[in-house]
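Report on the structure
Okay, here's what each chain looks like letter by letter:
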Protein chains: 4
Amino acid sequence: MATPPKLPGYIDEKAAVQRRLRRIEGQVRGLQRMVDQEQYCIQILDQVAAVTRALQAVAVELLDDHLGHCVRSAVESGGDDATDKLDEATAAIARLLRS
Amino acid sequence: MATPPKLPGYIDEKAAVQRRLRRIEGQVRGLQRMVDQEQYCIQILDQVAAVTRALQAVAVELLDDHLGHCVRSAVESGGDDATDKLDEATAAIARLLRS
Amino acid sequence: MATPPKLPGYIDEKAAVQRRLRRIEGQVRGLQRMVDQEQYCIQILDQVAAVTRALQAVAVELLDDHLGHCVRSAVESGGDDATDKLDEATAAIARLLRS
Amino acid sequence: MATPPKLPGYIDEKAAVQRRLRRIEGQVRGLQRMVDQEQYCIQILDQVAAVTRALQAVAVELLDDHLGHCVRSAVESGGDDATDKLDEATAAIARLLRS
C-alpha cells in the first residue's frame, strides 16, 4: 500500500459520509423488518438494489475525495509515492468494478 | 406486480437471511467506525466493495428462493399468473444487474 | 449442467438476438476506430460503458427467454430436471451479477 | 469536458488496447456463432459474462493510463484544468460503476 496521508481525503466530508452510512444502516435495518414481516421477495430484492446503489454512491464520493486530495497532493509532491498512489487508486477502482 | 404468494419464497430460509442482513448491518457500522477513526480511503473503499458483495449474495439467495418457490408454484398452477411471475422475475433481475 | 432442451429458449427471438449482437460487434469496431484515431480516454471509457450496457441487455433478453421457455417447461414437466434447471438459472444469474 | 491533451493517456499502450478490442470483437462474433448454432442459453449467458469482464478490463487499463498520464500531467501543471480533469475522471468512473 502507498503511504497513507496524515489526514484521509474525505476529512472535509466526514460528516456527510457518516450521514450517508447511517442512512444505509437504516436501510439495512429496513430490510430486516421487511423479512421479519415476510414481505414479498421482489420488493425486498428492489430494496437490496437500492442499498447497493447507495453504497456505490458512497464509494464514488470517497474516490472523488481520494483522487482530489490524496492522489492530487502525492502528484504535486512528485516522486515514487505519486506513482504508487495512482496504481493503488486504479487497483481499488478495479475491485469496485468487480464488486 | 404479480399476485404475491401467501408465504414468501424465502420463508424456510428466513433465519439465514436475517443472519446475513445482521452481519451486513455490522459491516456498515464497521464502515462508520473506520470513517470516525479517519482510516485511509482505500481501506474504506475495499470494505465498501465487501459490503456490496455481501448484499449481492443476499440478492442471489432471495432470487434462488423466489424462483424455486414463488415462480415454480405459479408455473405448476399454470395460467396468466405464471407468465406475470416470470416477467416480474426477469424485471427484478434486470434492476439488480443495473444496480 | 441440467439437460439442455432440444431448442434453446431464445429460438423465437433468434433474429432479434443476432441483430443486437451485430450491433454490439459494430460498437466494438467503433471502439477500435476511436483508439486508432487517438480519441480522448474519457470518450472511449463512456463508449465502453455503453457496450457493457448493450451486452447486459442481451443477457436480460436471453434470461427472459430461458426462464419463460426452458425453465418453465422443465417445471411443467416436473421432476428432478425442474430443480436442476432452477439451480442452474440462479447460478448463471449469480455469475452475471459478478461480471 | 476538460481540455483533452494532445495525446491520449493510452498512447504508449495503443497496440495492447487494440489487441484486447480485437479479441473482444472475436468473442462477440463467437456469440453470434453460438446463437446461430442454437447453443444452450446458459452457455451463451456465461460467454456474455466473459465478454463483459473483458470490456471492464479494457476500461480499467484505459483508466489506469488516463490517471497516470492525462490527470497526472494536469495536476503537475496545476490550475483549474487539474480540478476539471479530476472531476471528469470521477464522473467517468461513476458511469462505469453504473454500467
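Heads up: these notes are all about the structure in this document. Quick caveat: nothing in here was measured; it's all calculated off a predicted structure.

Turning our eyes to something else, we now look at the interface of chain A and chain B. The accessible area lost on association of the parts is a frequent measure of interface size. Opposite the 52 residues of chain A that make contact, chain B presents 52 residues. When chain A packs against chain B, close to 4,400 Å² is buried across both sides, 71% of that on carbon and sulfur atoms. The tally of links from chain A across to chain B stands at six salt bridges. A salt bridge links A:Lys14 to B:Glu38; the nearest nitrogen and oxygen atoms lie 2.8 Å apart. At the junction of chain A and chain B, the tally comes to 18 residue pairs in polar contact (both at pLDDT 80 or more). Only α1 (14–36), α2 (41–77) and α3 (80–98) of chain A provide two or more residues apiece to the side of chain A that touches chain B. Among the elements that take part in the side of chain A that touches chain B, α2(A) stands out by supplying 19 residues, more than any other. Of the residues belonging to the side of chain A that touches chain B, the class tally is 32 nonpolar, nine polar and 11 charged.

Inspection of every chain in the model, using the stated rule, returns zero disulfides over all chains. The closest cysteine sulfur to the non-disulfide-bonded A:Cys41 is located on B:Cys70, 3.7 Å from its own sulfur. The buried category is assigned to A:Cys41, whose relative accessible area is 0%.

Here we come to α1(A). Residue pairs spaced three or four apart in an α-helix point in one direction, given the helix's 3.6 residues per turn. For α1(A), which comprises 23 residues, the first-to-last C-alpha distance of 33 Å matches the rise-based estimate of 33 Å (1.5 Å per residue) to within 8%. Phi turns positive, to about 55°, at A:Glu38, one or two residues after α1(A).

Now for the pattern of salt bridges. Within this structure, the stated rule accounts for 28 salt bridges over all chains. Here C:Arg72 ties to C:Glu76 by a salt bridge, and the two come within 3.3 Å at their closest N and O atoms. You can see C:Arg72 and its partner C:Glu76 sitting in helix α2 (residues 41–77), four residues apart, about one turn around the helix. On the basis of relative accessibility, which here comes to 18%, the residue C:Arg72 falls in the buried class. In the salt-bridge network here, residues are joined through shared partners; they are A:Glu25, A:Arg29, B:Glu25 and B:Arg29.

This brings us to a negative patch on the surface. Taken together, the side chains of A:Asp12, A:Glu13, A:Asp64, D:Asp80, D:Asp84 and D:Asp87 present a region of like negative charge at the surface. Per-element tally for the negative patch: the top contributor is helix α3 (residues 80–98) of chain D, with three residues. Within the secondary structure layout, A:Asp64 lies in helix α2.

Within the chain, A:Glu38 stands out as a residue other than glycine whose phi angle is a positive 55°. Topologically, A:Glu38 is positioned in the loop between α1 and α2.

This part is about the packing of α3(A) against helix α2 (residues 41–77) of chain D. Axis separation between α3(A) and α2(D) bottoms out at 10 Å; the angle between their running directions is 155°. If you check the angle between α3(A) and α2(D), you find them roughly antiparallel. Between α3(A) and α2(D) lies a crossing whose hand is right-handed. Taking contact as the criterion, the partners of A:Ala82, A:Thr83, A:Leu86, A:Asp87, A:Thr90, A:Ile93, A:Ala94, A:Leu97 and A:Arg98 in α3(A) are, on α2(D), D:Arg53, D:Gln56, D:Val60, D:Leu63, D:Asp64, D:Leu67, D:Gly68 and D:Arg72.

Scoring rules and cut-offs
- Residues numbered from 1 in each chain as written.
- Chains lettered and ligands numbered in written order.
- Predicted model: local features only at pLDDT ≥ 70, side-chain atom pairs only at ≥ 80, totals over all residues.
- Heavy atoms only, no water.
- Contact = heavy atoms within 4.5 Å.
- Buried area = accessible area lost by both parts, 1.4 Å probe.
- Salt bridge = Lys/Arg side-chain N within 4 Å of Asp/Glu carboxyl O.
- Polar contact = N/O pair within 3.5 Å; in protein donor to acceptor, adjacent residues only side chain to side chain.
- Helix = DSSP H or I, 4+ residues; strand = E, 2+ residues; numbered from the N terminus.
- Nonpolar A, V, L, I, M, F, W, Y, C, P; charged D, E, K, R; others polar.
- Disulfide = S-S within 2.5 Å.
- Buried < 20%, exposed > 50% of the residue type's maximum accessible area, 1.4 Å probe, protein only.
- Expected span 1.5 Å × (residues − 1).
- Patch = residues over 30% accessible without salt bridge, like charges linked within 9 Å, V, L, I, M, F, W, Y side chains within 5 Å.
- Areas by Shrake-Rupley, 256 points an atom, 1.4 Å probe, with all protein chains shown as cover.
- Lys, Arg positive; Asp, Glu negative; His and termini not counted.
- Charge placed at Lys NZ, Arg CZ, Asp CG, Glu CD.
- Axes fitted to C-alpha atoms, helices over the stretch in contact; angles between N-to-C directions.
- Parallel < 35°, antiparallel > 145°, perpendicular 65-115°, else oblique.
- Left-handed = near helix turned anticlockwise from the far one by under 90°.

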